[in-house]
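# Fold and contact review
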Amino acid sequence: MNRLLCGLAANPALPPELVDRLIALAAAGPEPSAPSDPAGLPADCLADLLVRHLSERSDLRPAQVAALAALDEDTPALLARDGHLGAADVDPAVWPLAALALLDEGRGLPEWARRFAADPDPSLRRQLASCPGLPADVEDALAADADPEVAAELAWWTTSAPVAARLARHPHAEVRQAVAGNEAVPPASLAALLTGHGLPPALSCLVCEGREIPFTHDPHCQDVDCALPPGAACDGAHGSTVQVTWARALSNPAAPPEAVAGFAEDSSVWLRLAVAEHPGLPAEVYARLAGDPVPGIRACVARNPGTGPEVSRRLAADPDVEVRRAVAHHPRTPFDVLGRLTPTTRLGPHPLPPVCAATREELAAGAASADARVRMLVAHRHDLPPELRDRLAADPDASVAKAVAPHPGLDPERLRAMVALHGQQVIARVAANPDAPGDLLAELARHDPPARRALREIASHPNATAEALLPCLADVKARVRAAAHPALPAGIVVGLLDDPDPEVVEAAAGNPSLPPAVMAQRVP
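Residues numbered from 1 in each chain as written. Predicted model: local features only at pLDDT ≥ 70, side-chain atom pairs only at ≥ 80, totals over all residues. Heavy atoms only, no water.

## Details of the overall build of the protein chain
- Counting its regular elements, the protein chain contains 36 helices and two strands.
- For the protein chain, the spread of C-alpha atoms along the principal axes amounts to about 75 × 65 × 45 Å.
- Burial analysis of the protein chain (524 residues in total) assigns 47% to the buried set.
- Per element, the accessible surface of the protein chain, about 23800 Å² overall, is 56% carbon and sulfur.
- Here the protein chain carries 45 positive and 67 negative side-chain charges, and the mean point of each set is 8 Å from the other. (Helix = DSSP H or I, 4+ residues; strand = E, 2+ residues; numbered from the N terminus. Buried < 20%, exposed > 50% of the residue type's maximum accessible area, 1.4 Å probe, protein only. Areas by Shrake-Rupley, 256 points an atom, 1.4 Å probe, with all protein chains shown as cover. Lys, Arg positive; Asp, Glu negative; His and termini not counted. Charge placed at Lys NZ, Arg CZ, Asp CG, Glu CD.)

Structure follows, in structure tokens:
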């Protein structure tokens, strides 16, 4: 096994007879003494990668699907998820993982679900519990499963309010912990998990099941077989599990606001963080949390979708940069607040939600701002009206031009003008423009000095020509992308099959321009 074969397995132009030969190699498996890949991948990992690429092919013939399915117990599941196997092709007794994959995709049979619900293997029952759309009787059976991990898995995924409410009263604390984060849980059940009112106490947790209590897990535990999280503790009341249950319920949007608000001044920072994440609280609760001494809690409030503009304005002056950055990324932050943030906060290269939600008038005002940082924020939005786009493309500030350069619709001459004005500062972003033509990409690739980031954009650009791609081979990162580009001349692609970098080899082997005769020579 090697990276070249893995690349060929993913090559859409690989002839059917070579697919057969690769399947036969996969069936033979790696040699016991096979060396690792030069990049560090063991031979068995390469074998798995080969099978995965083969299973993902869209052109597999029925006989090839059958041959792949016979390799091991995991491959039929891959084939089922990739659409090569349907319910009529799968016997759950022979290929249980494939049957479960189809159930998870919503393409399995109800009788399979009933079969797995009674299977003696708890790992199969756990996988079943995460599948959507299970029959009601199957969910009932899983909710009553003797293995609490099965019930906990169902608690994570069920969309049935009655089942979720039932699991909120489960005698095992781990099941309650799992269901606390499920938005299908009725509000009354979530309130009970938070307050304990009307809820019988849990009888066990993972800690007291395996340890003599009282017990607190050493955060630096050296036992490699120990599965308990650091700090797990139980004195009979399942303390650490209950804490996690509260945190999940507090951040659950379905939890009643009045039950959540009661924890807004809790001594636990962790629980106040969970409250700050809840999107449905009264405005006064968010205002109170906006003054919390812990910056992480204020940042949670700043990014919470339930927070209003008043709190956003207040937090825009917060001394913590992460809080201010969270304000900038809140969709309801008023557009004018961004102007107050730009002098003190790096806001990133992507369009901010307030910019995406801005009106045409706000965008025009931002594009005309005397502050280049505000103009840059507007320029990052790539669905601007043409007149604003073109105005920003001609901006004398390189940061503004750089932001607008990938905007669709910019004509080649305007892109060239940007490069002429700002040079190296904008080349990579111009190269990322989806409308950049091949001749412009070739000009950018030959730029002196070379713009490394531009080469990486050009190497994967659909409009790149052979002339544009050849200079990309001189850059380590761009070389991998260029090796996979179908416009790279076939002779160059063939030469890259012997490149010392295994990633380049795999990319070249997957290039559809590789001649079939060369493919045949390289498959044993």
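## Some words on the nonpolar core
- In terms of nonpolar packing, the biggest core is built from 156 residues, with Leu8, Leu22, Leu128, Leu142, Leu167 and Ile458 touching the most fellow members.
- A total of six residues in this core trace back to one element, the largest contributor, which is helix H6 (residues 96-104).
- When sequence neighbours within four positions are dropped, the list of residues in contact with Ile458 reads Ala431, Leu441, Leu444, Ala445, Ala464, Ala468, Leu469 and Cys472. (Core = buried A, V, L, I, M, F, W, Y, C linked by side-chain atoms within 4.5 Å. Contact = heavy atoms within 4.5 Å.)

## A closer look at the pattern of salt bridges
- In total, this model carries 30 salt bridges according to the counting rule given.
- Here Asp292 ties to Arg272 by a salt bridge, and the two come within 2.7 Å at their closest N and O atoms. Here Asp292 is found in the loop between helix H18 (283-289) and helix H19 (295-303), whereas its partner Arg272 is found in helix H17 (residues 269-277), with 20 residues between them in sequence. For the pair Asp292 and Arg272, one class covers both residues: buried.
- The partner of Arg416 in a salt bridge is Glu443, with the nearest N and O atoms 2.8 Å apart. (Salt bridge = Lys/Arg side-chain N within 4 Å of Asp/Glu carboxyl O.)

## Regarding the packing of helix H1 (residues 3-10) against helix H3 (residues 43-55)
- At a closest axis distance of 8 Å, the pairing of H1 and H3 adopts a crossing angle of 10°. When the axes of H1 and H3 are compared, the pair comes out roughly parallel. Counting all contacts with H1, which are made through Arg3, Leu5, Cys6, Ala9 and Ala10, the residues of H3 involved are Leu46, Leu49, Leu50, His53 and Leu54. (Axes fitted to C-alpha atoms, helices over the stretch in contact; angles between N-to-C directions. Parallel < 35°, antiparallel > 145°, perpendicular 65-115°, else oblique.)

## Here we look at helix H8 (residues 122-129)
- Residues of H8 that are buried: Leu124, Arg125, Leu128 and Ala129. Down the axis of H8, the smallest arc covering the buried residues is 140°, so these residues share one side.
- On its buried side, H8 packs onto H6, helix H7 (110-117), helix H9 (136-143) and helix H10 (148-157). (Arc of directions from axis to C-beta.)

## Focus: the layout of surface pockets
- Considering only enclosed or pocket space, the largest pocket measures out at about 350 Å³ in volume.
- In terms of lining residues, the largest pocket is bounded by 14 residues, among which Arg346, Gly348, Pro349, Met376 and His380 are the most central.
- Secondary structure elements with two or more residues in the lining of the largest pocket: helix H25 (372-379) and helix H27 (398-404).
- Grouping the constituent residues of the lining of the largest pocket by class yields five nonpolar, five polar and four charged. (1 Å grid on protein atoms, 1.4 Å probe; cavity = no way out; pocket = protein on both sides within 12 Å on 5 of 7 lines; lining within 4 Å. Points joined across faces, edges and corners; volume = space filled by probe spheres on them. Nonpolar A, V, L, I, M, F, W, Y, C, P; charged D, E, K, R; others polar.)

## Examining a positive patch on the surface
- A contiguous patch of positive charge, built from Lys402, Arg453, Lys477 and Arg481, is present on the exposed surface.
- Taking the relative accessible area as the measure of exposure, Lys477 reaches 55% and is therefore exposed. (Patch = residues over 30% accessible without salt bridge, like charges linked within 9 Å, V, L, I, M, F, W, Y side chains within 5 Å.)

Purely geometric stuff here, so don't read any function into it on its own.
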